[in-house]
Amino acid sequence: MAETTKNAAANADARSDPDGRSDPDGRAGAEPGLGAAGSQLSTAPDESAPLPGLGVIGWARWFWRQLTSMRVALLLLLLLSLGAIPGSLIPQTGIDPMAVEQFRADNETLAAVYDKLGLFHVYSSVWFSAIYILLFVSLIGCIVPRTWQFAGQLRGRPPAGPSRLARLPAYTTWRTAATPEEVLGAAHRTLRRRRFRARLGGDTAAAEKGYLREAGNLVFHIALIVLLLAFAAGSLWKAEGGKLIVKGDGFTNTLPQYDDFRAASLYDTDQLTPFGFRLDDFEATFERGGPQKGTPRTFRADVTHWNGADGAERKASIEVNHPLEVDGTKVYLIGYGYAPVVTVKDGQGDVAYQGPVPFLPQDTNNTSVGVVKVPDARDKDGKKTQLGFQGRFLPTFALDEVRGPHSTFPALDYPVLSINAFMGSLGVDSGIPQNVYQLDTRKMKQFKENGDLFRKFLRPGETVQLPDGQGSLSFDGVEEWASFQISSQPGKGWALGGAVAALLGLAASLFIQRRRIWVRARPAADGSGTVVEMAALGRSESPRLPEELAELAVALRETAPPAPEPDDTADGADGSDGAPEGAQDEAAARYAAGDAARGTAAEDTADDDTADDDTADEDTADEDTVPEGTPAAGTAEETAAGEPAGDDRENPDPAGPSEGERA
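Cut-off values and rules
- Residues numbered from 1 in each chain as written.
- Predicted model: local features only at pLDDT ≥ 70, side-chain atom pairs only at ≥ 80, totals over all residues.
- Heavy atoms only, no water.
- Pairing = 2+ DSSP bridges.
- Helix = DSSP H or I, 4+ residues; strand = E, 2+ residues; numbered from the N terminus.
- Phe/Tyr/Trp six-rings, centres within 6.5 Å; stacked < 30°, edge-to-face > 60°.
- Buried < 20%, exposed > 50% of the residue type's maximum accessible area, 1.4 Å probe, protein only.
- Lys NZ or Arg CZ within 6 Å of the ring centre and 35° of its normal.
- Salt bridge = Lys/Arg side-chain N within 4 Å of Asp/Glu carboxyl O.
- Axes fitted to C-alpha atoms, helices over the stretch in contact; angles between N-to-C directions.
- Patch = residues over 30% accessible without salt bridge, like charges linked within 9 Å, V, L, I, M, F, W, Y side chains within 5 Å.
- Areas by Shrake-Rupley, 256 points an atom, 1.4 Å probe, with all protein chains shown as cover.
- pLDDT = per-residue confidence, 0-100.
- Contact = heavy atoms within 4.5 Å.
- Expected span 1.5 Å × (residues − 1).

Draft legend 1. Broad picture of the pairing of strand 16 (residues 397–400). Relative to strand 17 (residues 404–407), strand 16 runs antiparallel, the two sharing four bridges. Paired with Ala398 across the strands is His406, a residue of strand 17. Count of turn residues in the strand 16/strand 17 antiparallel hairpin: three residues.

Draft legend 2. Representation of the packing of aromatic side chains. Per the stated rule, a full pass over the model turns up 21 aromatic pairs. With a centroid separation of 5.7 Å and 80° between ring planes, the pair formed by Trp59 and Trp62 is classed as edge-to-face. Taken together, the residues Trp59 and Trp62, both in helix 3 (residues 55–67) and three residues apart, mark about one turn of the helix. According to the relative accessible area criterion, Trp62 is partly exposed, its value standing at 43%. With centroids separated by 5.6 Å and ring planes inclined at 50°, the aromatic side chains of Phe251 and Phe277 adopt a geometry described as tilted. Of the two residues, Phe251 is situated in strand 5 (residues 250–252) and Phe277 in strand 7 (residues 275–286); the sequence distance between them amounts to 26 residues. For the pair Phe251 and Phe277, one class covers both residues: buried. Here the aromatic cluster, defined as three or more aromatic residues joined through ring pairs, consists of Phe282, Phe286, Phe299, Tyr336, Tyr338, Phe393, Phe409 and Phe475. The residue whose ring lies beneath Arg459 is Tyr414, and the NZ or CZ to ring-centre distance is 4.0 Å. A cation over an aromatic ring shows up here: Arg514 above the ring of Tyr211, its NZ or CZ 4.6 Å from the ring centre.

Draft legend 3. A look at the pattern of salt bridges. If you walk through the whole model with that rule in mind, you get 22 salt bridges. In this structure, Glu551 engages Arg544 in a salt bridge whose closest nitrogen and oxygen atoms are separated by 3.6 Å. A residue is classified by how much of its surface remains accessible, and Glu551, at 37% relative accessible area, is partly exposed.

Draft legend 4. The sheet that holds strand 7, seen in detail. Strand order in this open sheet of four strands is 5-7-8-9, and the pairing throughout is antiparallel. With partners counted over all chains shown, the strands left at the sheet margins are strand 5 and strand 9 (314–319), one partner each. Across the sheet, the mean angle from the axis of one strand to that of its neighbour is 30°, orientation sign disregarded. Two strands pair when backbone bridges link them, and strand 8 (residues 296–307) and strand 9 are joined in this way by six bridges, in the antiparallel orientation. By the bridge assignment, Ala301 is partnered in strand 9 with Ile318.

Draft legend 5. The sheet that holds strand 1 (residues 170–176), seen in detail. Reading across from one edge, 1-26-25-3-2 is the order of the five strands in this open sheet, with antiparallel pairing throughout. For this open sheet the edge positions go to strand 1 and strand 2 (197–201), each flanked by a neighbour on one side alone. Direction aside, neighbouring strands of the sheet carry axes that sit 15° apart on average. Strand direction decides the pairing type here: strand 2 and strand 3 (residues 204–209), joined by five bridges, are antiparallel.

Draft legend 6. Fine view of a nonpolar patch on the surface. On the surface, Leu75, Leu78, Leu79, Leu82, Ile85 and Leu89 cluster together into a nonpolar patch covering about 570 Å² of accessible area. For Ile85, the location among the structural elements is in helix 4 (residues 70–89).

Draft legend 7. Layout of the confidence of the model for the protein chain. Per-residue confidence for the protein chain gives a mean pLDDT of 78; residues scoring 70 or more make up 77%. Here residues 1–31 scores under 50 on pLDDT; set against residues more than four positions off or in separate chains, the count is 22 contacts. Confidence drops under pLDDT 50 across residues 568–663; counting only partners more than four residues distant or on other chains, this segment forms 167 contacts.

Draft legend 8. Local environment of the pairing of strand 8. Across 11 bridges, strand 7 lies against strand 8 in antiparallel orientation. Bridge pairing links Leu279 to Val303 in strand 8. Between strand 8 and the antiparallel strand that follows it, strand 9, lie six residues; Gly308 among them carries a positive phi value of about 90°.

Draft legend 9. Spatial organisation of unusual backbone geometry. One non-glycine residue, Asp327, adopts positive backbone phi at about 55°. Its location among the elements puts Asp327 in the loop between strand 10 (324–326) and strand 11 (329–345). Although it is not a glycine, Asn366 adopts a positive phi angle of roughly 65°. Among the structural elements, Asn366 can be located in the loop between strand 13 (360–361) and strand 14 (368–378). When its relative accessible area of 4% is taken as the criterion, Asn366 is described as buried.

Draft legend 10. Region of the structure containing helix 8 (residues 180–193). In a regular helix each residue adds 1.5 Å, so 14 residues correspond to 20 Å; helix 8 covers 20 Å between its end C-alpha atoms and thus fits that length. Residues of helix 8 that are buried: Pro180, Val183, Leu184, Gly185, Ala186, Ala187, Thr190 and Leu191. Buried residues in helix 8 make contact with strand 1, strand 2, strand 3, strand 25 (515–523), strand 26 (530–538) and helix 11 (545–557). Immediately downstream of helix 8, the backbone of Arg195 shows phi near 65°, a positive value.

See the structure below:
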């Protein structure tokens, strides 16, 4: 009675609180109207329970997996390429500091932004170095495990074939009078001659080819690391400088001899290669006629060089893209021009300056500009003064009303020197470095003649007198000059080798196809010969897979020729014994040609995990591994003979053949 009363009270509580909200022991997600019992039956998660944390080790593993993934590696490579764009478009302090200063003067606001982003020294900036290092680590983390995996594949053997070879994308079969041992031996020899890795196991010969595909992939990744290391070495230990040399002058590889010199942070300037050279002659030829008139044809600098202070002198020629290499340092020919030879006398008639003055080309016809600075001169009264001349040299002089004086051809056909003269202070005594190709006229006064600015045109051998007896200038002749870049950059050979290896590895990974071949030979059920089955599986898409299988089948048929089929149409244990000869040959041709019905069975019909297991038995390719749409088990001979494909006594398949596979 008491228990009945207790149950009634519980039912009354449930009716009064159908949602179970008043149950102190209820849980979130309880079934409505069930109270405490409903809360126990609920499958909803307990949101009040704390989620487990990854911890330091867990987060480290997650970060490492993300960093070594292919997606992140490609992203870092893209960021590295994008980061190199401003380094190519914006002047860099390590390459051309003068251009950087000029950019700062012309773009003050933008230069401040570039300074904060490190765009004037991109390749040594923090953000570019971070991308560089992360990509380097990502590649190493990708290569190491794949190398061990590839080494294991090289030590392994070709996997055993699946029990139903007919389900593979490329397949053929025939009956022969040869014994199974003869067929398998011939198949093994044929596969080895075609450079397959082959082995015999039971009634099957298994072979595999295309291991160089993965090797090419590894070579490509290793080559990228070599490229990164070569670029890093070149950026940290390189040094280069420029030198303009007039014909007859020389150069020794010491810092004071350079016109400009740039060295990386780890380069030791005390380790400059001890060598020197002298410019003996320079030859430049140009196209004289036709639509390419004036186009350069030959640039060659003939030099005499020596290695070390007491080294023997040797003759050599330096041309564009054909540098002179001395003990790891290369000398490149990068430019040429003309140097008018002038003689300047001051107001006392003394020679204040004499020699060639390099002028810089301004166009393709070698219209050149330059200055002559004479810091040690005296005026007609004997007082110290300085003279300056702004000049324009025209190798082939021409004059018209539109362009004024200009050059019409880059060769010395009709050379003319045009000059303007100044007197005053050149500013060379202020201690501030000056450009030798520019004249600071702020503290100088230009000569005038008859109220007009003094300007004269001179031919070689002519002399012009300065106004008021302040001196004279003679145009004695023209010499040629050449500019050279002396570069020491380690890692260039490694960079070239890495680039070539990367291309070869990429080509191998794209064009080499990995594939597997199986040849099975079993005695016919009626004892009238041997049934031979051949099948192929590509680890990647290969349109030549059926053709290659057909070629192997033709080669094997020379040893195991097809035998006439018996009249008996009874099915054999292998499901192919009772087919007529005509139907069998038709099926063999259809499989070897890559029939569309079997071509739909893609690589996943034989799972890699199953195929890679060398100890797998013949039942590894069962019905559960067959993708949807794959033809049912059984050979073409069965379907041609009118027997259902599912009547395979060894591996019955109740699905039966499809409509397209009936004879």
